[in-house]
Amino acid sequence: MNDSQNGPATIRRCYATVLFSDICASTRLAELVDPEVGAEIVSQVRQASERVVGKYCGVINQVSDDDCDGSPIAGQPGEGVNL
């Protein structure tokens with residue numbers, strides 16, 4: 001690649017980790033508790049997810065119902081974290 005004003009473009013390889021989480025049996029849980037209690041549980045899980053993903057410089061890309069999709073900012077190989 002070439003940029004006529006800035007010279008050759010630099011190609012850089014980046015690594016990303018993608019995380020998907022889900023509350024197991026959330027439908028069953030919702031059937032067993034009041035809606036407010038279920039909403040509070042989901043809210044607490046989302047807040048915990050945001051703290052953990054944020055701790056490793058990540059972002060939450062999408063939240064829908066009871067699951068979160070996120071990825072950390074691109075890093076180097078081997079920077080993975082076991083949760």
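A quick note: this is a predicted structure, and the numbers were derived from the prediction, not measured.

Novice: Report on the overall build of the protein chain, specifying residues and quantitative values.
Specialist: Regarding its fold elements, the protein chain presents two helices and five strands. In the protein chain, the succession of α and β elements from N to C terminus is β-β-β-α-α-β-β. Out of the 83 residues belonging to the protein chain, those deemed buried represent 14%. Long-range pairs, those at least 24 residues apart, make up 47% of the contacts in the protein chain with a sequence separation of at least 6. For the protein chain, the exposed area adds up to about 6,800 Å²; of that, 52% sits on carbon and sulfur atoms.

Novice: Just give me the short version of the pattern of salt bridges, but keep the residues and values in it.
Specialist: Overall, the coordinates contain one salt bridge when judged by the stated rule. In this structure, E31 and R28 form a salt bridge, with 3.3 Å as the shortest nitrogen-oxygen distance. Of this pair, E31 and R28 both sit in helix α1 (residues 26–32), three residues apart, roughly one helical turn.

Novice: Before we move on, could you go through unusual backbone geometry and cite the residues and values that matter?
Specialist: Of note in the backbone geometry, A25 takes a positive phi value of approximately 60° without being a glycine. Turning to its location among the elements, A25 is positioned in the loop between β3 (19–22) and α1. Despite not being glycine, C57 has its phi angle at roughly 60°, a positive value. Looking at the element boundaries, C57 is found in the loop between α2 (35–55) and β4 (58–64).

Novice: Lay out α2 with the relevant residues and their values.
Specialist: The end-to-end C-alpha separation of α2 is 30 Å, in line with the 30 Å expected for 21 residues at 1.5 Å each. Inspection of α2 places G38, S49 and V53 among the buried residues, and these make up the whole buried set. One face of α2 carries all of its buried residues, which in axial projection span an arc of 35°. Structural note: α2 exposes E36, R51 and K55 on the side pointing more than 90 degrees away from its buried face.

Novice: Tell me about the environment of V45, and please be specific about residues and values.
Specialist: Locating V45 in the fold gives a position in helix α2. For V45, a relative accessible area of 35% translates into the label partly exposed. For the pair formed by V45 and D22, sequence separation is 23 residues and the distance between their alpha carbons is 9.5 Å.

Rules used throughout
Residues numbered from 1 in each chain as written. Predicted model: local features only at pLDDT ≥ 70, side-chain atom pairs only at ≥ 80, totals over all residues. Heavy atoms only, no water. Helix = DSSP H or I, 4+ residues; strand = E, 2+ residues; numbered from the N terminus. Buried < 20%, exposed > 50% of the residue type's maximum accessible area, 1.4 Å probe, protein only. Contact = heavy atoms within 4.5 Å. Areas by Shrake-Rupley, 256 points an atom, 1.4 Å probe, with all protein chains shown as cover. Salt bridge = Lys/Arg side-chain N within 4 Å of Asp/Glu carboxyl O. Expected span 1.5 Å × (residues − 1). Arc of directions from axis to C-beta.

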